[in-house]
Amino acid sequence: YFSWDMKYMLKMLYPFEADVLKKILRHYYEHLCLKHNALLTRFLGFHAVKTNKGSVRHFVVMNNIFTDNLDINLKLVA
């Protein structure tokens with residue numbers, strides 16, 4: 001899902017995705033603190049909601065990196 005201005009995205013996570021994000025979150029945060037210009041998606045929120053049936057659904061809120069008008073100035077060919 002996108003916000004009305006396309007600036008933010010909401011993504012539901014599969015349980016394994018939530019587990020991986022929990023494991024890497026501290027290192028991800030530390031990396032972004034050191035590398036301010038990193039072209040990684042910024043996670044703004046990591047949430048869990050419990051449904052009426054008792055299951056837990058995880059989702060993240062993040063910046064939409066495709067709204068920035070960034071020019072590609074380097075292309076790597078493997």
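Now for a look at the structure at hand. (Residues numbered from 1 in each chain as written. Predicted model: local features only at pLDDT ≥ 70, side-chain atom pairs only at ≥ 80, totals over all residues. Heavy atoms only, no water.)

Once that is clear, we can look at the environment of Val-61. You can see Val-61 is positioned in strand 3 (residues 56-63). Considering only alpha carbons, one finds Val-61 and Lys-11, 50 residues apart in sequence, at a separation of 6.7 Å. In this view, Val-61 contacts Met-9, Leu-10, Arg-42, Phe-43, Leu-44, Gly-45 and His-47; residues no more than four positions away in its chain are not counted. (Helix = DSSP H or I, 4+ residues; strand = E, 2+ residues; numbered from the N terminus. Contact = heavy atoms within 4.5 Å.)

A sheet is described by the order of its strands in space; here 3 strands give the open sequence 1-3-2, paired in antiparallel fashion. Both edges of this open sheet fall to strand 1 (8-13) and strand 2 (43-50), since each of them pairs with a single strand only. Taking the axes of each pair of neighbouring strands and ignoring which way they run, one obtains an average angle of 20° across the sheet. Where strand 2 meets strand 3, 7 bridges bridge the pair, whose relative direction is antiparallel. Directly across from Ala-48, in strand 3, lies its bridge partner His-58. (Pairing = 2+ DSSP bridges. Axes fitted to C-alpha atoms, helices over the stretch in contact; angles between N-to-C directions.)

What follows is about the nonpolar core. Counting 5 residues, the largest nonpolar core is built from Leu-13, Ala-18, Leu-21, Val-60 and Met-62. Only helix 1 (15-34) and strand 3 provide two or more residues apiece to this core. If we ignore the near neighbours within four places in the chain, the residues touching Met-62 are Lys-7, Tyr-8, Met-9, Lys-11, Thr-41, Arg-42, Phe-43 and Leu-44. (Core = buried A, V, L, I, M, F, W, Y, C linked by side-chain atoms within 4.5 Å. Buried < 20%, exposed > 50% of the residue type's maximum accessible area, 1.4 Å probe, protein only.)

The quantities given are spatial measurements derived from coordinates; they are silent on function.
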